[in-house]
Amino acid sequence: MKQHVTRDWKDVAGSYYDKAMALAILLLLFSFMVSPKIEVKPYERKIMEVTKLEEIPEIKDEIKPPEQQVKPVIDIVIEDDLSEDDEDIEIIDTIEKTDLDPWEEVAVTTTEEIGKTPKFVLYEDPPVPVKQVKPAYSDFAKRMNITGDVVLEVEVLIDGSVGAINVIRSLMPGPDGLDEAAVKAVKQWEFKPAQSGGKPVAVWVQFPVGFGLD
């Protein structure tokens, strides 16, 4: 009759303890033999000294600082006492002498002033015609029984002559028309110029030029 023998796990573990310990020691020794050697050195403190290098005399002589430009100083002397007999002063006449009075106003009328008179000029006395020329009345206008007034805007200059003329209201425009005839006639008129403060002034005036069958 066979007997059943039971074994405790502690006995089994104890039998493997010596083997496990021997294997661990072998692995530890092997690791020390295979691993590289590590040397631990103490930290050494080093102090570095920096010394200033002196320039070589030869190079120092060759390097020269830039020369500064000295600005000249000019002494200006102002003399307050100037005598009239100073021979160094020479008076030169650049303008010739003239007999004209510099304070006398000279009225000059040129063709450049024609049409440049302002439209609104203040004056006390209006211009007055002293010479009138009758406009030509064409036969064609008479046959067509064209009558009426051509209203003109006339520039009277300071010498009394007629400058620019504008037709404000037309009666018969075109070549050889009554508008052209009125302008040609008034161009020959002469006026006593308008007065402002006792002086002649250029002004614009409007007046009609009539055409009718007598």
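Preceding this section is the structure that the text describes.
Residues numbered from 1 in each chain as written. Predicted model: local features only at pLDDT ≥ 70, side-chain atom pairs only at ≥ 80, totals over all residues. Heavy atoms only, no water.

So, about the environment of Arg169. Structurally, the position occupied by Arg169 is in strand 3 (residues 162-169). Sequence spacing of Arg169 and Val151 is 18 residues, and the spatial spacing of their C-alpha atoms is 4.9 Å. In this structure, Arg169 is in contact with Asp149, Val150 and Val151, ignoring residues within four places of it in sequence. (Helix = DSSP H or I, 4+ residues; strand = E, 2+ residues; numbered from the N terminus. Contact = heavy atoms within 4.5 Å.)

Following the criterion strictly, the structure yields four aromatic pairs and no others. Taken together, a centroid distance of 6.1 Å and an interplanar angle of 40° make the contact between Trp189 and Phe191 tilted. Looking at Trp189, the relative accessible area reads 11%, which means it is buried. By relative accessible area, Phe191 is classed as buried at 7%. When the ring of Phe191 is compared with that of Phe207, the centres are 6.4 Å apart and the planes differ by 45°; the resulting orientation is tilted. Of this pair, Phe191 sits in strand 4 (residues 190-192) while Phe207 is found in strand 7 (residues 203-211), placing the two residues 16 residues apart along the sequence. (Phe/Tyr/Trp six-rings, centres within 6.5 Å; stacked < 30°, edge-to-face > 60°. Buried < 20%, exposed > 50% of the residue type's maximum accessible area, 1.4 Å probe, protein only.)

Moving on: the side chain of Gln195. With respect to the helices and strands, the residue Gln195 is situated in strand 5 (residues 194-196). In this structure the side chain of Gln195 is engaged in a polar contact, spanning 3.5 Å, whose partner is the backbone oxygen of Pro193. Setting aside anything within four residues of it in sequence, one finds Gln195 in contact with Tyr123, Glu124, Asp125, Pro200 and Val201. (Polar contact = N/O pair within 3.5 Å; in protein donor to acceptor, adjacent residues only side chain to side chain.)

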